[in-house]
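Summary of the model geometry
If you want the building blocks of each chain, they are given just below.
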Amino acid sequence: MDKIQINGGRKLAGEVDISGAKNAALPLIAASILVDGTCEFSNVPHLVDIHSIRLLLEDLGARCTFDNHVMTVDGSGIHKIEAEYDLVRKMRASILVLGPLVARFGHARVSLPGGCAIGARPVNMHLTGLEALGANINITHGYIEARAQKLVGNDIYFDIPTVTGTENLMMAAVLAKGTSVLKNAAREPEIVCLAEALNRMGAKISGAGTAFITIEGVDRLGPARVKVIPDRIETGTFMVAAAATRGDVLIKGCNPEHLGGVINKLRACGTKIDINGDQIRVTGVEHIKSVDIKTLPYPGFPTDMQAQFMTLMCIADSTSVIHESIFENRFIHANELLRMGADITLFKANIAMVKGVPELQAAPVMASDLRASASLVIAGLIAKGTTLISRVYHMDRGYETIEKKFCALGADMVRIK
Ligand code: EPZ
């Protein structure tokens, strides 16, 4: 397994280009199941998760090409409605094929995605939503079996905003008979990107980005060309890295509109942030102020930025309280940061109290999930000495050529095969 070795203590400086958003590309690629023709997606990041969903679609019978960040998917040849355990276990987001398969073929068999390091990750709202649209759902031998003569539009109320739940049911409803309204829907930019793409394919969706999304069913969808939005979490990760190393980084090809929660908190720490179109300049300051955060559904502070921000708070001037309200076990990185000399106390209700220390100490650490690995990279960048991060395959799922991008900013970082 690869490791990443970092000699820390250097300020980041220079420019970095942001890749397309993994969590926008995944539902877009799943949506091509709905189309009897070829869709083209540009600005698709070259990531392990993107390769996983491509393999899954090809297993169903789709024909894909992927070159230089452009992916085409021809869904006309799809002849299989079963997403196998072996493919789904590699990536939970495979659940996103469920809605499109039921919508187009009236039948789907998708392995129940297991949990992961950060939580149980149930999909009950995906299933109750499909039942509301008239599907019969059975769970046998670890598989979800969904059948429907024809999905029928209905109102669906989410107990809590679910990102892939909203995406799955939006895709299921586009071919249903009649109108559906998703209530308490997730409002993430990736959902807006998916709705705009589906409308370009002939769907009739309004309200994406708000808590109420209306979908008028249509008979069929046609091919479309769609550009994937920039990755707001990759952007946030580089912003926090620039702040933590007291560097000066120009982040290009991003969408500052999608980062309100992160920009707000970084400015509260004293970090200088200048926004100019699709570029954000982040200038770190010596004196980093401790601030509290609570992770919330968009547009609140994103849970996918919590681990990275915790690293920054480890070297802030007093005490920060971090409340992770979305996932039940998303503080695994705290144990690794403690080994690097951080002062973190964890409380039961997903609360972490972080007391700033003057500096972190380099140490061998282990990544546990995608965003935790990013927090350890940032810790390695600021700790004096050599940090060795193992299990970086977690990183490769969601960050495109991460060490190349950091080295271009002056980091002393190498991947050890
Ligand atoms: C999406 O996961 C993202 N993944 C996650 O990013 C992100 O952390 C998460 O949204 C929250 O923003 C993709 O978009 C592929 P949820 P998702 O359904 O959709 C509970 C990353 O790092 N819930 O919005 O699975 C759930 O347990 C990944 O790229 C149910 O109880 O998250 C959680 O507490 C990690 N029942 C909360 O809702 C359900 O049926 C929000 O989860 C569904 C969700």
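Residues numbered from 1 in each chain as written. Predicted model: local features only at pLDDT ≥ 70, side-chain atom pairs only at ≥ 80, totals over all residues. Heavy atoms only, no water.

1. Structural notes on the nonpolar core
With 81 residues, the main nonpolar core has L98, M170, L198 and L221 as its most contacted residues. A per-element tally of this core places helix α1 (residues 22–31) first, with 7 residues. When sequence neighbours within four positions are dropped, the list of residues in contact with L98 reads A108, V110, L127, L130, I144, A146 and N168. The next biggest cluster of nonpolar side chains, apart from the first, holds 68 residues, and it includes V16, A244, V282 and L409. (Core = buried A, V, L, I, M, F, W, Y, C linked by side-chain atoms within 4.5 Å. Buried < 20%, exposed > 50% of the residue type's maximum accessible area, 1.4 Å probe, protein only. Helix = DSSP H or I, 4+ residues; strand = E, 2+ residues; numbered from the N terminus. Contact = heavy atoms within 4.5 Å.)

2. Here we look at the site of the ligand
What surrounds the ligand is a group of 22 residues, the closest being N124, T162, T164, D304 and I326. Here an oxygen atom of the ligand and a side-chain polar atom of N23 are 3.0 Å apart. Interatomic distance of 2.7 Å between a side-chain N/O atom of T162 and an oxygen atom of the ligand. Isolated, the ligand exposes 820 Å² of accessible area, and the fraction of that covered by the protein chains is 87%. Elements represented by at least two residues in the shell around the ligand include exactly α1, α5 (124–132), α6 (163–173) and α12 (370–382). At 3 residues, the largest contribution of residues to the shell around the ligand is made by α5. Broken down by class, the residue content of the shell around the ligand amounts to 10 nonpolar, 6 polar and 6 charged. (Near = heavy atom within 4 Å. Polar contact = N/O pair within 3.5 Å; in protein donor to acceptor, adjacent residues only side chain to side chain. Areas by Shrake-Rupley, 256 points an atom, 1.4 Å probe, with all protein chains shown as cover. Nonpolar A, V, L, I, M, F, W, Y, C, P; charged D, E, K, R; others polar.)

3. Quick look at the sheet that holds strand β11 (residues 179–183)
Taken in spatial order, the 4 strands line up as β10-β11-β13-β12 in an open sheet, and their pairing is mixed. Each of the sheet's edge strands pairs with one partner strand only, and the pair in question is β10 (155–157) and β12 (204–206). Strand-to-strand twist of the sheet, defined as the mean angle between neighbouring strand axes without regard to direction, takes the value 15°. Two strands pair when backbone bridges link them, and β10 and β11 are joined in this way by 3 bridges, in the parallel orientation. Across the sheet, the residue bridging to Y157 is K183, located in β11. (Pairing = 2+ DSSP bridges. Axes fitted to C-alpha atoms, helices over the stretch in contact; angles between N-to-C directions.)

4. As for the sheet that holds strand β9 (residues 143–147)
One open sheet holds the 4 strands; their spatial order is β6-β7-β9-β8, and the pairing between them is mixed. Strands at the two margins of the open sheet, each flanked by one partner only, are β6 (82–83) and β8 (136–140). By the bridge criterion, 5 bridges tie strand β7 (residues 107–111) to β9 in an arrangement that is antiparallel. From the neighbouring strand, V110 faces β9, where its bridge partner is I144.

5. Observations regarding the environment of A243
Residue placement: A243 occurs in helix α8 (residues 232–244). With relative accessibility at 1%, the residue A243 sits in the buried group. Separated by 28 residues in sequence, A243 and T271 have C-alpha atoms that sit 6.2 Å apart. If we skip the residues at most four places from it in the chain, A243 touches L266, T271, V282, G284, I288 and L312.

6. Section: the pattern of salt bridges
Opposite charge on two side chains allows them to pair when their charged atoms are near. Under the defined criterion, the tally for this structure stands at 25 salt bridges. As a salt-bridge pair, D2 and K417 come within 3.3 Å of each other at their nearest N and O atoms. Of this pair, D2 sits in the segment before β1 (3–8) while K417 sits in the segment after β24 (412–416); the two residues are 415 residues apart in sequence, bridging distant segments of the chain. Since its relative accessible area comes to 78%, K417 is described here as exposed. For the salt bridge of R232 with E190, the shortest nitrogen-to-oxygen distance reads 2.8 Å. Of this pair, R232 sits in helix α8 while E190 sits in helix α7 (residues 189–200), placing them 42 residues apart in sequence. The residues R232 and E190 share a single accessibility class, namely buried. Where salt bridges share partners, they join D2, D396, E403, R415 and K417 into one cluster. (Salt bridge = Lys/Arg side-chain N within 4 Å of Asp/Glu carboxyl O.)

7. Side note on the state of the cysteines
On inspection of all chains with the given rule, the structure shows 0 disulfides. We note that C193 lacks a disulfide partner, and the nearest cysteine sulfur, in C39, lies 13 Å from it. Of the residues examined, C193 reaches a relative accessible area of 6% and is grouped as buried. (Disulfide = S-S within 2.5 Å.)

Take it as geometry only, folks, not as evidence of what the structure does.
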